[in-house]
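# Report on the structure
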Amino acid sequence: MKIHENRTFSQLKVGDNAQLTRLCTVDDLYAFASASGDHNPLHLASYDGDGDGHPEAVAPALWPAGLVGAVLGNILPGAGTQTRRANLTFHISVVAGDELTAFVSVTEKREDGDLLCAAEVRRTGDNALILSGEVQVTPPTQHLEFDSIEVPGLVVQRHRHFDALLVKARPLDPMPTAVVAPEEPNSLGGALLGYSNSIITPILVGDPDKIAAAAAELGADLSGIEIIEARSHEIAAHRAVDLVVEGKARTLMKGHLHTDVLLHAVLRREKGLRTGRRLSHVFVMDVPGMSRPIMVTDAAVNIAPDLETKADIVQNAIHLAHSIGIETPKVGVLSAVETINPHMPSSVDAALLSKMAERGQIKGGLVDGPLAMDNAVDLNAARTKGITSEVAGAADILVAPNIEAGNMVAKQLTYISHAEAAGIVVGAAAPIILTSRADDDASRLASCAVAALHSFATRGKING
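The notes below deal with the structure included here. Remember, it's a predicted structure, so these values are computed and weren't measured experimentally.

## Some points on the overall build of the chain
When helices and strands are counted, the chain shows 13 helices and 18 strands. Over its C-alpha atoms, taken along the principal directions, the chain stretches across nearly 95 × 60 × 35 Å. Classification of the 464 residues of the chain by burial places 48% in the buried group. Taking as baseline every contact in the chain between residues at least 6 positions apart, the subset at least 24 positions apart corresponds to 70%. As displayed, the chain offers around 21,900 Å² of accessible surface, 51% of which is attributable to carbon and sulfur atoms. In the chain, which carries 39 positive and 55 negative side-chain charges, the distance between the mean positions of the two groups comes to 5 Å.

## Remarks on the environment of Gly 219
As for its position among the elements, Gly 219 is in the loop between helix 5 (208–218) and strand 10 (226–229). With 34 residues separating them along the chain, Gly 219 and Pro 185 place their C-alpha atoms 9.8 Å apart.

## A word on unusual backbone geometry
With an omega dihedral of 0°, the bond running from Leu 76 to Pro 77 counts as a cis peptide bond. Mapping Pro 77 onto the fold places it in the loop between helix 2 (62–74) and strand 3 (82–90). The omega torsion of the bond from Gly 369 to Pro 370 falls at 5°, within 30 degrees of zero and hence cis. Position of Pro 370 relative to the elements: it lies in strand 15 (residues 366–371). One non-glycine residue, Ala 181, adopts positive backbone phi at about 55°. Along the polypeptide, Ala 181 turns up in the loop between strand 8 (175–180) and helix 4 (185–196). When its relative accessible area of 0% is taken as the criterion, Ala 181 is described as buried. Phi is positive for Lys 271, close to 55°, though the residue is something other than glycine. Tracing the backbone shows Lys 271 in the loop between helix 7 (259–266) and strand 12 (280–286).

## Considerations on the sheet that holds strand 6 (residues 129–138)
Taking strand neighbours across the sheet as the criterion, the five strands line up as 2-4-5-6-3 in an open arrangement whose pairing is antiparallel. Of all strands in the sheet, those with a lone pairing partner are strand 2 (17–23) and strand 3, marking the two edges. Direction aside, neighbouring strands of the sheet carry axes that sit 20° apart on average.

## Quick look at helix 1 (residues 26–36)
For helix 1, the set of buried residues is Asp 28, Leu 29, Tyr 30 and Ala 33. Those residues of helix 1 hidden inside the fold are in contact with strand 2 and helix 2. Phi turns positive, to about 85°, at Gly 37, one or two residues after helix 1.

## Observations regarding the sheet that holds strand 11 (residues 251–254)
Judged by pairing direction, the sheet is mixed, and its 11 strands sit side by side in the order 10-9-8-11-18-17-12-13-16-14-15 without closing on themselves. Taken across any chain shown, the strands that pair with only one partner, and hence form the sheet edges, are strand 10 and strand 15. In the sheet, strand 13 (residues 294–297) pairs with strand 16 (residues 397–399) via three bridges, with the strands oriented parallel. Counterpart to Val 296 in the pairing with strand 16 is Leu 398.

## Thoughts on the packing of helix 6 (residues 233–245) against helix 7
One can describe the packing of helix 6 onto helix 7 by two numbers: an axis separation of 8 Å at closest approach and a directional angle of 40°. Judged by the inter-axis angle, helix 6 sits oblique to helix 7. Helix-helix and strand crossings are classified by hand; for helix 6 and helix 7 the assignment is right-handed. Between helix 6 and helix 7, the contacting residues are His 233, Glu 234, Ala 237, His 238 and Val 241 on the first element and Val 261, Leu 262, His 264, Ala 265 and Val 266 on the second.

## Examining the nonpolar core
If you look at the biggest cluster of nonpolar residues, it comprises 55 residues, and the most contacted ones within it are Val 284, Met 295 and Ile 362. Considering each element in turn, this core owes the most residues, nine residues, to helix 13 (residues 441–458). With sequence-adjacent residues up to four places away left out, Ile 362 is seen in contact with Ala 311, Val 314, Gln 315, Ile 318, Leu 353, Met 356, Ala 357 and Val 367. Membership of the second largest hydrophobic core comes to 28 residues, among which are Ile 228, Val 261, Leu 262 and Leu 273.

How each quantity is defined
Residues numbered from 1 in each chain as written. Predicted model: local features only at pLDDT ≥ 70, side-chain atom pairs only at ≥ 80, totals over all residues. Heavy atoms only, no water. Helix = DSSP H or I, 4+ residues; strand = E, 2+ residues; numbered from the N terminus. Buried < 20%, exposed > 50% of the residue type's maximum accessible area, 1.4 Å probe, protein only. Contact = heavy atoms within 4.5 Å. Areas by Shrake-Rupley, 256 points an atom, 1.4 Å probe, with all protein chains shown as cover. Lys, Arg positive; Asp, Glu negative; His and termini not counted. Charge placed at Lys NZ, Arg CZ, Asp CG, Glu CD. Pairing = 2+ DSSP bridges. Axes fitted to C-alpha atoms, helices over the stretch in contact; angles between N-to-C directions. Parallel < 35°, antiparallel > 145°, perpendicular 65-115°, else oblique. Left-handed = near helix turned anticlockwise from the far one by under 90°. Core = buried A, V, L, I, M, F, W, Y, C linked by side-chain atoms within 4.5 Å.

Structure representation (structure tokens):
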């Protein structure tokens with residue numbers, strides 16, 4: 001079908017008209033700011049641009065005016081049209097979430113070959129007038145047709161899913177958090193960031209001299225923050241677990257120590273934090289351009305999980321998804337193919353996990369597999385392969401066959417797709433915030449928020 005066909009001066013008559021409808025989104029306003037250089041905070045959803053205490057996300061006036069240009073350039077007269085003059089009056093503001101319709105009609109054919117066109121933009125629904133006026137254009141001189149016009153896609157690198165998690169976590173009481181060996185600036189800084197945002201209340205467990213040196217390097221004041229002395233990492237890990245067992249802390253945060261040292265204390269037989277399920281790691285990832293957060297598991301704890309361990313990995317991830325507000329998480333169990341191949345154990349395990357969920361052995365989510373990465377996250381890919389499934393193309397949780405695959409998926413999303421990642425170990429009696437030295441502030445803060453939400457949800461304090 002020809003979707004772009006223009007009309008020359010001779011093909012047009014007075015009264016010809018066209019229209020175009022478009023939804024104004026927050027991402028549209030960020031893209032406009034980037035392209036135009038207009039960084040007025042009034043137009044950006046992250047800022048309170050007029051000091052009234054609320055972010056506005058008011059569209060610049062030229063955004064709805066651009067819809068008039070889109071009608072002129074795309075439809076009437078179409079390709080090759082040049083705007084010579086515009087006299088527009090802006091009546092009311094547009095905000096993100098408004099759907100607008102732009103109308104253009106030819107009012108005069110001038111002797112010099114130009115057209116005068118009446119222009120309006122109205123808000124869909126209540127028909128409110130956004131702008132009105134007149135535009136003078138020079139129509140194309142040659143009749144042209146285009147099968148399609150390809151414009152490179154834009155992805156706004158905004159992490160709106162993490163913003164939403166922070167909004168949900170901030171009203172909760174700050175979570176008492178035992179921070180194990182925060183003895184260098186990165187690990188201490190992550191704890192202090194969560195503290196300054198009122199998401200956690202850190203209890204620092206480690207070498208006081210090293211903690212003080214890290215604070216000095218950060219220029220941070222530790223007044224009012226409890227510090228518990230532990231001169232070795234092993235002692236620090238056990239004392240932090242003691243704080244959780246005693247009810248003085250509700251979460252753990254890994255500092256500057258090896259993960260296995262911390263988990264050894266968590267899994268101790270006497271007064272540990274075992275629950276009967278295997279521990280597993282979950283990345284909650286905010287991938288720009290994705291309509292939902294993506295969870296990847298397990299990329300950090302279980303190296304080569306067997307079927308029983310994978311069942312725990314899936315169940316742990318489902319519970320965490322509930323905690324962050326995903327009511328019925330869709331779990332895609334990954335393999336290299338979407339059909340069962342007896343010579344590919346990951347495909348067999350995936351099918352068995354799907355059947356276990358069907359029989360109620362895994363609860364609280366929809367589980368399907370095997371799925372390849374493309375048809376787990378992209379609906380068109382799933383349809384092309386002929387896969388009919390509630391999960392395919394819409395997975396919230398990606399279950400990797402082993403730690404190498406999980407690690408590669410998570411790092412590809414981070415370093416190529418510009419995702420931010422919150423890292424949490426689940427399956428213990430308390431969530432464990434597991435961040436990396438390479439993580440930035442957004443990832444560290446989101447990790448604190450996810451842990452706080454999970455702790456409150458699993459203790460019945462919020463709906464999960």
